[in-house]
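# Reading the structure
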Amino acid sequence: MKKNYNFAIYSSDQTGILNRITAVFSRVNLNIDALSVCETEQVGVSRHSVQVHCEQQVAMRLSKQLERQIDVISAEFREERDLIQLEVALFKVATQSMLDQPTAEQIIRQHHASVLSMNNEFTVIQRTGQYQENQAFLEALTVIGVIEFVRSGPVSISRPLMQAASQTDAVIFKQHATCSPEEQAVAKF
Amino acid sequence: MKSASIIADPNIKQKPAASAETRTVTGAEAIILSLLAEGVEKIFGYPGGAIMPTYDVLYNYENQLEHILVRHEQGAVHAAQGYARASGEVGVCVATSGPGATNLITGIADAYLDSTPVVCITGQVFASLLGTDAFQEIDILDISIPVTKWNYKVTTAAEIPAAMAKAFYVAKSGRPGPVLIDITKNAQMDALDFVYQSCHNLTSYAPYPRPSQLALAQAASLINQAQKPMVLMGQGVILGEAETEFLSFLERSGMPVASTVLGLSALPTDHPQYVGMLGMHGNYAPNTLTNECDVLVAVGMRFDDRVTSNLAYYAKQAQVIHLEIDPSEINKNVHADVAVLGDVKQTLPELSKLLRPKTYPVWLQNFQKLHAVEDKKIIQADLNVEGDELGMAGVIEAINQNCDDAILVTDVGQHQMATCRYAKFKQSRSLITSGGLGTMGFCLPAAIGAKFARPDRPVIGVVGDGGVQMTMQELGVMMQHQLAVKLIILNNQFLGMVRQWQELYFEQRYASTPMSNPDFCMVAESYGIANQKIDSPKALNQAIKDMLSHPGAYVLEVMVKQQENVFPIITPGASVADMCLESPESDVEQMGG
């Protein structure tokens, strides 16, 4: 079954490493749904967060192929349920349209959004939260009319004390490799 | 992303060289000095604008570093591959920017799929011109990402020694592969304080995974309990220089062993436990019995689809033990019940220690029985040289009878399968062929590279009339260097393997496979290369003797049957156990004819 998987890929911060990483996904015709790159707490190491929708088996194979890249230090993947994810979304609306819409303030308050910047021409509203929440806010804003909309894509951190999907796989693999031939035969079939 | 100089690369931990002394040189000289520091003696290449500073320095080092001028950059990288595979050393090739670099791509891809250690150095336009569509500017770094183990663009002279050191370390360590270093012209021209420190360690790179004792014990337990085990020998045995360890493992365990195409020659062909070649055109017994064995021990191989055919029917009854250096190969195509990660040179002796000496006389008889079927139906007919026409297998057998220490280098197609099926090998690194990529045009330049690596061994290229014309210009290298490569052109005036598929699977619609050819002997003659053309089985043996006894380069054109088929064959999509020993329609044809 296909699921959303979020890869946390740590690499040395070499020029071109991003292309090498994305090539591993595009090679199997996988579309990258979200991508972000940032510095890490360790100097010279970058973190690439990549979200794709695929089978777990494919994710496992890609994780190993990512780790095969010389400058990649590690490539773990997790399911959405094992992650705390947030994204930042910015919405630009015409200031006059907002003033003309009596429920505008209520919509913004209900969705826990806030006004970031405002002038005579346009207003920028920001909202931080889950993908679906930002999506709902976008739909709610249609009564005002959205001129421009941008979202950061998910920024993820693993839930504490939860095992990464890739680590779970490693555990299964190790158990499999250490069981008796009879158990292996059962496991295989 | 921010860019960091490789000098500041935290991954590179360098040991100070004992005799390291600093001297101020140009980047171009640093490239040459780095090659010398890595022990490189011969490089293959083609000059051009963006790499000219390096060639200019090369002129001063002609006595220490021999540069072989190829006739096309594809020839340079194939020659470097042939050099690497014959010698076990890193092959090196050099090209200029733009078309010089793009012409390398096919060979780099070939080296990537066949795990060949090659370092490719390309010139690049001045760093200040990058991204301006300058003359002969192309982004070779991005183009080569999917086909290189590692690549790097050098834009300042100071980066050169560390980049070169990392390139050689990455290319040859672990599972080997090609590396490309793209060096801008200003980096070649500017000065640096040169000190070379070879690279032995990168924090983000674990080339030799530590074997698990548990996995070894598990593997040994499976092998010790096996009734009908079978070993699959891959190129990992050769790449790991583990031929001796493999032989000990094999003889202690008593298991029958089959080889992949790239594993051929890791074990002498006449070894009593050797049961033949795997794969689409491999031998009947090992393919069929893959689906009867109870334990399958894969050593340094990657379950390529040409080996497994349809995975849904592949060895489902067997417990699979996979000895492999590259973790990404485990469970990629075939599920491993026990994965023994590590260098086979280390894991095989450890595994051998845990094995009980065994023999499988009854199980081996199954192989012999099936081999007898193949022998009667196919091999006898293939090797028959009684008729008026020559077959490809007969030519290979004539080589066997006249020479037992040759390095055979093949191209891709029917002649390649004939060579792999019929050649007899006595020592390792005796077959150089394009396995993974299947690159036509590989043979001639790879044979040239192999001969430069091993002038002490006869090097025989076996090529078809199609493939030879893809890189035929490299005869110029043989001419210029008086290089004693022996080239056998098996001429059937067809693109034979494609024609065979058209016959079997496309209703004999021979679209664009018949070929009008030049007179290959006249071509050889124009290069001043000794030559001979034969078209009769009677002339074969003497022609091979003439070729081998000739002191220099030689082209032997052999006119072979036009419409010969390579059998047996596993129909694409079929099970490995369903080998066809003949064309399903051959009876009908004979009746009709």
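Because the structure is a prediction, the values reported are computed rather than measured.

### Digging into the overall build of chain B
Each helix and strand in chain B was counted, giving 24 helices and 24 strands. Every one of the 593 residues in chain B was classed for burial, and the buried ones make up 61%. Pairs at least 24 apart in sequence give 77% of the contacts found in chain B among residues at least 6 apart. With the model as given, the accessible surface of chain B reaches about 22,100 Å², and the carbon-plus-sulfur share is 52%.

### A word on the overall build of chain A
What chain A contains, in helices and strands, is seven helices and nine strands. Classification of the 189 residues of chain A by burial places 40% in the buried group. Counted over contacts in chain A with a minimum sequence separation of 6, partners at least 24 positions apart contribute 72%. Surface exposure of chain A reaches about 10,400 Å², of which carbon and sulfur atoms provide 53%.

### Comments concerning the nonpolar core
Residues and elements named next belong to chain B. Membership of the largest hydrophobic core comes to 101 residues, with the highest contact counts inside it found for Phe246, Phe249, Leu296, Val297, Ile321 and Ile488. Formed jointly, this core draws a minimum of three residues from each of two domains, domain 2 (213-366) and domain 3 (384-572). Discounting chain neighbours no more than four positions away, the residues touching phenylalanine 249 are Ile223, Val231, Met255, Val297, Leu348, Leu351, Ser352 and Leu355. Judged by nonpolar contacts, the second largest core, of 52 residues, contains Ala101, Leu104, Ile448 and Ile489.

### So, the environment of B:Pro229
All names here are of chain B. Note on placement: proline 229 falls in strand E11 (residues 229-233). Note: C-alpha distance between proline 229 and alanine 524 (295 residues apart in sequence) is 50 Å. Residue contacts for proline 229: discarding those within four places in its chain leaves Met255, Pro256, Asp294, Val295, Tyr360 and Trp363.

### Section: the sheet that holds strand E15 (residues 319-324) of chain B
All names here are of chain B. Overall, parallel pairing links the six strands, which are arranged E13-E12-E11-E14-E15-E16 in an open sheet. Lying at the two open borders of the sheet, with one neighbouring strand each, are strand E13 (274-277) and strand E16 (338-341). Taking the axes of each pair of neighbouring strands and ignoring which way they run, one obtains an average angle of 20 degrees across the sheet. The pairing of strand E12 (residues 257-259) with E13 spans three bridges and is parallel. Looking at E13, one finds that serine 259 is bridged to methionine 277. Across the sheet, helix H9 (residues 213-225) is in contact with strand E14 (295-299), E15 and E16; its angle to E16 comes to roughly 130 degrees. Lying on the sheet, helix H11 (residues 243-253) is in contact with E11, E12 and E14; it crosses E11 at an angle near 170 degrees.

### Things to note about the packing of aromatic side chains
For the coordinates displayed, the defined rule picks out 15 aromatic pairs over all chains. Arranged with centres 5.2 Å apart and planes meeting at 80 degrees, the rings of A:Phe7 and A:Phe25 form a pair that is edge-to-face. In this pair, A:Phe7 is assigned in strand E1 (residues 3-12) and A:Phe25 in helix H1 (residues 17-26), connecting sequence segments 18 residues apart. In terms of burial, A:Phe7 and A:Phe25 fall into one category: buried. Seen in terms of ring centroids, B:Phe303 and B:Tyr314 are 6.0 Å apart; in terms of plane orientation they differ by 75 degrees. Their pairing is edge-to-face. Of this pair, B:Phe303 sits in the loop between E14 and helix H13 (305-308) while B:Tyr314 sits in the loop between H13 and E15, and the two are 11 residues apart along the sequence. A relative accessible area of 3% means that B:Tyr314 is categorised as buried. Members of the aromatic cluster, each reached through a chain of ring pairs, are A:Tyr5, A:Phe7, A:Phe25 and A:Phe77. In this structure, A:Lys92 packs its charged tip against the face of A:Phe122, placed 5.0 Å from the ring centre. Across the ring face of B:Phe494, the terminal group of B:Arg499 is positioned such that the distance to the ring centre comes to 5.8 Å.

### Looking at unusual backbone geometry
Leaving glycine out, the prevailing phi sign among residues is negative, and the prevailing peptide bond configuration is trans. Following B:Phe567, the chain continues into B:Pro568 via a peptide bond in cis, with omega recorded as 0 degrees. Within the secondary structure, B:Pro568 sits in the loop between strand E22 (554-559) and strand E23 (569-570). A positive phi angle, near 65 degrees, is found at A:Asn29, a position not held by glycine. The residue A:Asn29 is located in the loop between H1 and strand E2 (32-39) in this model. The exposure class assigned to A:Asn29 is exposed, which follows from its relative accessible area of 71%. Positive phi, normally seen in glycine, also occurs at B:Ser115, with a value near 50 degrees. Take B:Ser115: it is sitting in the loop between helix H5 (105-113) and strand E6 (118-124).

### Examining the sheet that holds strand E3 (residues 45-54) of chain A
All names here are of chain A. Read across the open sheet, the four strands follow the order E2-E3-E1-E4; overall the sheet is antiparallel. The sheet terminates laterally at E2 and strand E4 (72-79), the two strands that pair on one side only. Direction aside, the axes of adjacent strands within the sheet are offset by 15 degrees on average. Relative to E3, E2 runs antiparallel, the two sharing seven bridges. Along E3, the bridge assignment pairs valine 37 with histidine 48. Here helix H2 (residues 56-67) sits on the sheet in contact with E1, E3 and E4, set at roughly 165 degrees to E4.

### Observations concerning the domain arrangement of chain B
Residues and elements named next belong to chain B. Partitioning chain B into domains gives domain 1 (6-202), domain 2 (213-366) and domain 3 (384-572). Taking only C-alpha atoms, the centre of domain 1 and the centre of domain 3 are 32 Å apart. Interface area for domain 1 against domain 3, summed over the two sides, is near 2,000 Å², with a carbon-plus-sulfur share of 62%. Sorting the residues of domain 1 by area buried against domain 3 places Arg71, Arg85 and Ala86 first, and these three jointly supply 32% of that buried surface. Viewed at the interface, domain 3 and domain 1 are joined by zero salt bridges. At the junction of domain 1 with domain 3, the criterion picks out 10 residue pairs in polar contact (both at pLDDT 80 or more). Elements with a minimum of two residues in the side of domain 1 that touches domain 3: strand E3 (42-45), strand E4 (66-69), helix H3 (73-87) and H5. By residue number, the principal contributor to the side of domain 1 that touches domain 3 is H3, which donates 11 residues. Among the residues forming the side of domain 1 that touches domain 3, the class breakdown is 10 nonpolar, nine polar and six charged.

### Quick notes on the side chain of A:Glu79
All names here are of chain A. With respect to the element layout, glutamate 79 can be found in strand E4. At a separation of 3.3 Å, a polar atom in the side chain of glutamate 79 contacts the side chain of lysine 3. At 2.9 Å, the side chain of glutamate 79 and the side chain of arginine 81 are in polar contact.

### Section: the confidence of the model for chain A
For chain A, per-residue confidence averages 86 on the pLDDT scale, and 84% of positions sit at 70 or higher. When pLDDT is averaged over each helix and strand of chain A, the minimum, 35, is found for helix H7 (residues 181-188) of chain A and the maximum, 97, for H1(A).

### Considering helix H14 (residues 344-353) of chain B
Every buried residue of H14(B) is listed here: B:Val344, B:Thr347, B:Leu348, B:Glu350, B:Leu351 and B:Ser352. Summarising the contacts, the buried residues of H14(B) are in contact with H9, helix H10 (236-239), H11, E14, E15 and E16 of chain B.

Rules used throughout
Residues numbered from 1 in each chain as written. Chains lettered and ligands numbered in written order. Predicted model: local features only at pLDDT ≥ 70, side-chain atom pairs only at ≥ 80, totals over all residues. Heavy atoms only, no water. Helix = DSSP H or I, 4+ residues; strand = E, 2+ residues; numbered from the N terminus. Buried < 20%, exposed > 50% of the residue type's maximum accessible area, 1.4 Å probe, protein only. Contact = heavy atoms within 4.5 Å. Areas by Shrake-Rupley, 256 points an atom, 1.4 Å probe, with all protein chains shown as cover. Core = buried A, V, L, I, M, F, W, Y, C linked by side-chain atoms within 4.5 Å. Domains from an automatic or database assignment. Pairing = 2+ DSSP bridges. Axes fitted to C-alpha atoms, helices over the stretch in contact; angles between N-to-C directions. Phe/Tyr/Trp six-rings, centres within 6.5 Å; stacked < 30°, edge-to-face > 60°. Lys NZ or Arg CZ within 6 Å of the ring centre and 35° of its normal. Buried area = accessible area lost by both parts, 1.4 Å probe. Salt bridge = Lys/Arg side-chain N within 4 Å of Asp/Glu carboxyl O. Polar contact = N/O pair within 3.5 Å; in protein donor to acceptor, adjacent residues only side chain to side chain. Nonpolar A, V, L, I, M, F, W, Y, C, P; charged D, E, K, R; others polar. pLDDT = per-residue confidence, 0-100.

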